[in-house]
Amino acid sequence: MNGSVLVVGGGVAGIQAALDLAEQGIEVFLVEKAPSIGGKMAYLDKTFPTLDCASCILAPKMAAVLRYPNIKLLMNSEVEDVTGRAGNFVVRVLKRPTYVDWTKCNGCGICTQKCPVKNVPDDYNLGLSNRRAIYIMFPQAVPKKAVIDARYCMRLNPPEKAKKEGKTLCGVCERHCPTKAIEYEQKSEVIELKVAAIIVATGMELYNAKNIPEYGYGVYQNLYTNLEFERLVSATGPSGGEILRRSDGKHPKKIAWIQCVGSRDVRFNHYCSAYCCMAATKQAILAKEHLPEVQCTVYYMDIRAFGKGFNEFLERAKREFGVRYIRGKVVRIEELADTKNLRVVYEDTAESYLRVEEYDMVVLSVAITPNSRLPLPVELTSDGFVKLKDPYLDPVSTTVEGIFVVGAVAGAKDIPDSVTEASAAAARAALIAKRSMAREVRVLANGGVLNG
Amino acid sequence: MDEVRIGVYVCHCGFNIAGVVDVKKVAEYAKTLPGVVVARDYVFMCSEPGQDLIKEDIKNQNLNRVVVASCSPALHEITFRTAISEAGLNKYLLEMANIREHCSWVHHEKEKATEKAMEIVRMAVAKARYLEPLEELEVEAKKSVLVLGGGVAGIRAALELANYGFDVYIVEKSPTIGGKAALIGYIDPKTKGAEVVSKMVEKIRDCPKIQVFTSAELVQLTGSAGNYVAKLRLNPRFVNSRCTRCGECEEVCPIEVSNEYNFGLDKRKAIFIPFKNAYPPYYAIDYRVCVKCGECEKVCRYKAINLKEEAKIVELRVGAVIIATGYDPYRPFKGEYGYGLSPNVITLFQLERLLDPESPTKGELIVGNKVPKSLAFIQCVGSRGTTLGAKSYCSRMCCTTAINSAIKIKEKYPEMNVYIIYKDIMTYGSDESLYEEAGKKLINFIKFEEKIPKVTISPEGLFIDVFEYTIQQEIRIPVEAIVLSIGMLPPRDIEELIAVTRVSCGGEGFVREAHLKLAPVEAPTKGIFLAGCITGPKNILESIRMGSAAAAKAMSLLSKGKITIEPMIAQVDEERCSGCGICVAVCPYSAISIKSVNGDRIAKVEKALCMGCGTCNASCPSGAMQHLGFKDVQLLAQTVAALRGESYG
Ligand SMILES: Cc1cc2nc3c(=O)[nH]c(=O)nc-3n(C[C@H](O)[C@H](O)[C@H](O)COP(=O)(O)OP(=O)(O)OC[C@H]3O[C@@H](n4cnc5c(N)ncnc54)[C@H](O)[C@@H]3O)c2cc1C
Ligand code: SF4
Ligand code: SF4
C-alpha cells in the first residue's frame, strides 16, 4: 500500500527524518549513496560548541535506525528517476553491487584483515591512510557490513595480463569469510519503489580546493582541508588522533587556519558556508588539547559566531586556549622546498600591509557545496541549493508538492538546524503518507473505485 | 526467589573490544560466578546471529537473567531488551556491562584491561541476581496541545498541529497574536513582516481546530506528558466581538501612554488596537493604565465595551505544551551610545517601525523631526560582551536586519550616507548576498574591535568617534541619526515561565534544550517542547522552522493516543515509610504527596509524574523509597562485588 516515504541521504538530517517517520509507524525507504549512514557528522571528531564527541552522540541514533523494522535501508544506492506526484511517486533506485551478501555478512572484519591489496586510499580518512580492497566503511558503520571496492579488487579487476590469459586471481576473502557471504558475481540492481512523499537530505560536499590556484591544495604536503584535519585529530583517524605532518610525521608547532576558502568569494561561491568559522575554532582548541605547545592562528574576514553558545566558544578559544585570530585575507601560500613548511602571505587588514608568516601546517576552511544535482524535479536557487516553495508559510517544502528538503542541501547550516528541519519534514511527509494510505483503503473498500 | 540462572554474553565488537580485552578469558571467568549457567563470547552480540545465541540459550537453558558485556547501554540496551523479550523473558531482566567505552576504548594494556573487564562483568552479574521483572505503564494521551506564545513560532506550530488533526490552544499574553515579526518593516528585501504575519493569522482565523486566548497567561501547569492540566488566567479585554473598530472610543479616552507596538515612537490611548492586522480584530483596553472613567463605554454605539469585565480562570486539558514565548529586545541604558539623550538616537526596532508603510510616519524615515542626510548603525548593542552589561552571546539577527534596512534606506534615499559600524558581520549562509548588495549600494562598513565607539551629542550635531580597525586610525564621523542594533534578551517574565513549567535555563538566560545538538526542540521534561527565540536568538525563518519541528514532535508523542512510561521509577515500601515528607520536598517534579493510609501518613508516588531521577531515594532516611531497577539491594550487591573482589555474595 502506498503509505511509505522515501528519504534520500542518510546524514544526520536523513537519519532524524527516518526515525521520526518510523516512530509514526510509517514505512521508510532510506537511500544512501555510501555503504554506511552517518553523513558528514560521522567524519567529525568533536562538535562545536559543546565539544561533544560526534560519534558518541550520533551512534545511538544510527543504531536506532536498525531497530525499526519499518526502516528499509538501501545502501550503496542512488535515486535514478522519479515520476508521479504527491501520494503516488514511483522511484527507481539504482543499487550498486557490494559483492558481499549482506544478509550473510556479520561484520566480523576477517576479510578486511586478509585481503592482500593493502594500498587503497581510505575514503573515510580522505586518503590519509590506506585500507584493503574489501573494507567496512568505519568501525561504527551502520549497517556494519563489508564491501568490495571493485576498482582495486584483484579478482574483480585483475591486471591486464591476467585478463588476457583469462586467469582468475586471488579469492582470499571468499576463502576466509566464515559466513560465505562473498558474491563476486553480484550485479547492479534497479529497484522500483512506490512512495507517497519524498524527503531530500543529500547534504553537502566540500568544495574542491584544487580550484583555488593560489593556495596549492593537492600540491603542498602539509596543507590540509578542514575535513582532513577532522580525521587527523580523531581517535579513529589515520594516526589514532596524533596530529602528524604528512611530510615528515612530526608534530607541528605552528598551525594556521584559513577561512572562507571558496566561500564569500565572487570567483567561487557567493554564500557563507556558515559552519567553518566555528569548525576552525573547534579545531584550534582540539589542536591545543592534543599538543599544548602548538601555536594556533586563524585568518578570517568576519568571525561568524552566531549560534547558541558560539560567541562564548570563540571567547574561550581566545582567552583560555590563546588561539590567535588575525583579520586578513590570505593571498597566497608557498611551500619551502627544504622543510616543507608553508609561508602564508596575507593582507593584514589591521595595517593594510602584505605580511608573511611561516607555519608547519596549514588547514583550509573549505566551502561546502550542496549535493543537489539529483534526478528530482525540484528547483534550485542560484547558489545551487534546493529551493523552498515559501520559506515563511511552508518552511520545508520544495517547489514540488510532496517533496520536502532538509539539512545542508537546503542551505549551509549546522547540526541542530538540520535536525530541526528533519523533524518538521518528517511530520509533513507522514501526513501525506497516512492520507494516501487512507485513500487506498477507501478505494479498496469501494471495490477499487475512487470516490472523493 | 526462583533459582537464579544467568547467561553472560561477551561481545568482541570486532576488534573494538577484542583488540584490547581477552574476551575468551572474560567469558571463562564469568562461568565461575555464582548464578551463571552459561557464558559465551561472540564477534557482534548486537547482530542477528548474536541475538539468536541469547534467545536460544534462554529457551534451552531456562535462563531467567541476562548480562551482556559490550558497549554503552545508550547504544544497544534497547536492542537486547527487545531480544530477550522475544524469547519470553521480561525485558528488564537484562543488565549491561559496558566493557567498551568504560574499558577497551580507554585502555591499552591488555592484561589490566582484561582484568577490569572481568570486574565490570562480576559487578553486573552480582546486580543481575537481584533484578526483578518490571512492567511498563501506559497512560491515555490527549490529542490536544497548548501553545504558549502567539508569535511566528507559536502560530506555525499551531497551524501544523491543526493540520495533523489536533486541537490547539494558543495562549498569548498581549491582546493580539503576531508577535514582533508583525512589527518589522521588511524581513527580507521583498517581504514585509506584517504581510507574512497577516497571512499566517488568516489561516488561524479560518481554522476551527485552533482556539486563541489573548490577554491570557498560564498560571499553573500540573499533570504530565499526555495529561497536562493548564490553568489560564484570562485578563479582561473589556471589549467584545461586537466592536466594529469605528474608533470613537479611542477619540474620547483621556489616557495616553507610550505605544509599545511602535517601540515608543508615538503614543496610544488606554483603549487601542495594537496594529492594523491585529487579531482578534477588536479594540482592547490596557487594564494597567485604564482609570475606568467610563467615557468609552458611553460613546460605544455597539455595546461592545464592558468595564466591569473581570479576569476569568479557565482550565484546559492538553497532552503537550509548546513554549514559544520569544524574547525581549535589549534595553539600552540611558546614555548608552547617547540613547535617551537625543531624539536622533533610535533603536533598530524603532527603525523597523519607521520603515513600515503603516508606521506613524507612513514609511518616511523621520528621525528627530526630519529625514537625516546621514545615518549610522552601531552593531552589537547589548550583545557579544561589547559594552559593560552586554550579553556574552551574538544576537544572530541584528547584522542581517541592519543591512537589510540599510539597503531599503538606500533604495528610498540614494543620497543618504549610511554607515554600519560593526565588529563582525554575521550574514551567514545565503544572507551573505545582502552584505554583497550593501557593498554595491555604497553603504560604508566600519569595523571596531575591543575599543568601543563613542557617541558625542553637541550643538553642532552627533559625532561618532571610532577606532577604525582596518586602517588602525581613530576617525570621527558626523551623522544626523544613529540606529542602535540592539540584541535579544530572554523574556522579562522567564522566571514565571520557569516556575510554572519547570523548564530550566542556561547561563545566558534562555531555556535549555534536552540536547543542544540533537534534540533542539525538546525540553528535558517529556511533553514540553520549545520553539523560537525562547532557547536563544534566532531569525524569523529559523523560528518558524522550529515551530514546525516542535509541532511534529508533539504530534509524534501523542498521535497514538497513549504514552508508555518507563517503569524505572520510585516506589514506596509502605511498611517502612514514616511519612516524614522529606521526599515530597526534594522531588523536582512534584510527583510525591503524603496520603493517609489507615490513619498512617505514607508517601505516594504519582507514577506518571515520576521521571526516575532518584533524588527521593537518596534522601529517604528510612530506606522506604526505592528506585525500581536500582534498588538498594541491587546496588549494594554491585558495590560489594566491586569492593570485595571474589568473595562477595
Ligand atoms: C569539517 C567540518 C566540521 C564540522 N563541524 C561541525 C560541528 O562541530 N558542529 C556542527 O553542528 N556542525 C558541524 N559541521 C556541519 C555538519 O557536518 C552539517 O551541518 C551536517 O552534517 C549536515 O547534515 P546533512 O544530513 O544535511 O548532510 P550530510 O551529513 O552531508 O549527509 C548527506 C548524506 O547523503 C548522502 N548522499 C549524498 N548524495 C546522495 C544521493 N544522490 N543519493 C543518496 N545519498 C546521497 C551522503 O552520502 C551523506 O551520507 C561541520 C562540517 C564540516 C565539513
Ligand atoms: S562561516 Fe566563516 S569561514 Fe565559513 S564562509 Fe562564513 S565567514 Fe567564511
Ligand atoms: S548579529 Fe551582528 S550585531 Fe547582532 S550581535 Fe551578532 S554580530 Fe552583533
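Residues numbered from 1 in each chain as written. Chains lettered and ligands numbered in written order. Predicted model: local features only at pLDDT ≥ 70, side-chain atom pairs only at ≥ 80, totals over all residues. Heavy atoms only, no water.

A.B. asks: Is there a simple way to explain the packing of helix α6 (residues 226–233) of chain A against helix α7 (residues 276–290) of chain A in this structure?
C.D. replies: Packed helix pairs are characterised by how far apart their axes lie and by the angle those axes make with each other. All names here are of chain A. Axis separation between α6 and α7 bottoms out at 11 Å; the angle between their running directions is 30°. Looking at the two axes, α6 sits roughly parallel to α7. Where α6 crosses over α7, the two elements pack in a sense that is left-handed. Along the contact surface, α6 presents Asn226, Phe229, Glu230 and Val233, while α7 presents Cys276, Lys282, Gln283, Leu286, Ala287 and His290. For the contact of α6 with α7, the residue count by class is 5 nonpolar, 3 polar and 2 charged. (Axes fitted to C-alpha atoms, helices over the stretch in contact; angles between N-to-C directions. Helix = DSSP H or I, 4+ residues; strand = E, 2+ residues; numbered from the N terminus. Parallel < 35°, antiparallel > 145°, perpendicular 65-115°, else oblique. Left-handed = near helix turned anticlockwise from the far one by under 90°. Contact = heavy atoms within 4.5 Å. Nonpolar A, V, L, I, M, F, W, Y, C, P; charged D, E, K, R; others polar.)

A.B. asks: How should I be thinking about the interface of chain A and chain B in this particular structure?
C.D. replies: Where interface size is given, it is often the accessible area lost as the parts come together that is meant. Contacts between chain A and chain B engage 67 residues on the former and 71 residues on the latter. At the boundary of chain A and chain B, one finds 8 salt bridges. Its salt-bridge partner being A:Glu421, residue B:Arg545 comes within 3.3 Å of it at the nearest N-O pair. Counting the contacts that link chain A with chain B gives 28 residue pairs in polar contact (both at pLDDT 80 or more). Taken together, the elements giving at least two residues each to the side of chain A that touches chain B come down to α1 (12–23), α2 (54–67), α8 (310–319), β24 (394–398) and α9 (415–445) of chain A. Considering every element that reaches the side of chain A that touches chain B, the biggest residue donor is α9(A), with 12 residues. (Salt bridge = Lys/Arg side-chain N within 4 Å of Asp/Glu carboxyl O. Polar contact = N/O pair within 3.5 Å; in protein donor to acceptor, adjacent residues only side chain to side chain.)

A.B. asks: Explanation requested: the sheet that holds strand β7 (residues 88–95) of chain A in the structure shown.
C.D. replies: Picture the strands of a sheet paired through backbone hydrogen bonds; they go either parallel or antiparallel. Residue and element names in this part refer to chain A. The antiparallel open sheet is built from 3 strands, whose spatial order is β6-β7-β12. Each edge of the sheet is formed by a strand with only one pairing partner; in this case those strands are β6 (77–85) and β12 (189–195). Averaged over neighbouring strand pairs, the angle between their axes works out to 20° when direction is ignored. (Pairing = 2+ DSSP bridges.)

A.B. asks: I'm lost on the packing of helix α6 (residues 152–163) of chain B against helix α7 (residues 193–205) of chain B in this one. Help?
C.D. replies: All names here are of chain B. Look at α6 against α7: their axes get within 10 Å of each other, and the N-to-C directions meet at 35°. Two packed elements cross with a definite hand, and for α6 against α7 that hand is left-handed. Packed against α6, whose contacting residues are Val152, Ile155, Arg156, Ala158 and Leu159, the element α7 presents Val197, Met200, Val201, Lys203 and Ile204 at the interface. Looking at side-chain class alone, the contact of α6 with α7 contains 8 nonpolar, no polar and 2 charged residues.

A.B. asks: Please explain the pattern of salt bridges as it appears in this structure.
C.D. replies: Pairs may arise between side chains of opposite charge once their charged atoms sit close together. Following the criterion strictly, the structure yields 73 salt bridges over all chains and no others. Put simply, A:Glu334 and A:Arg343 hold a salt bridge, and the shortest N to O gap is 3.4 Å.

A.B. asks: Looking at this structure, I do not really get unusual backbone geometry. What am I missing?
C.D. replies: Leaving glycine out, the prevailing phi sign among residues is negative, and the prevailing peptide bond configuration is trans. Put simply, A:Phe48 and A:Pro49 share a cis peptide bond, and its omega is -10°. Locating A:Pro49 in the fold gives a position in the loop between β3 (46–47) and β4 (52–53). With an omega dihedral of 0°, the bond running from B:Tyr279 to B:Pro280 counts as a cis peptide bond. In this structure, B:Pro280 sits in the loop between β15 (271–272) and β16 (284–285). In this structure, B:Lys303 takes a positive phi of about 55° despite not being glycine. Within the element layout of this structure, B:Lys303 appears in the loop between α9 (295–299) and β17 (312–318). Residue class for B:Lys303 comes out exposed when judged on its relative accessible area of 63%. (Buried < 20%, exposed > 50% of the residue type's maximum accessible area, 1.4 Å probe, protein only.)

That is the geometry; function is a separate question.
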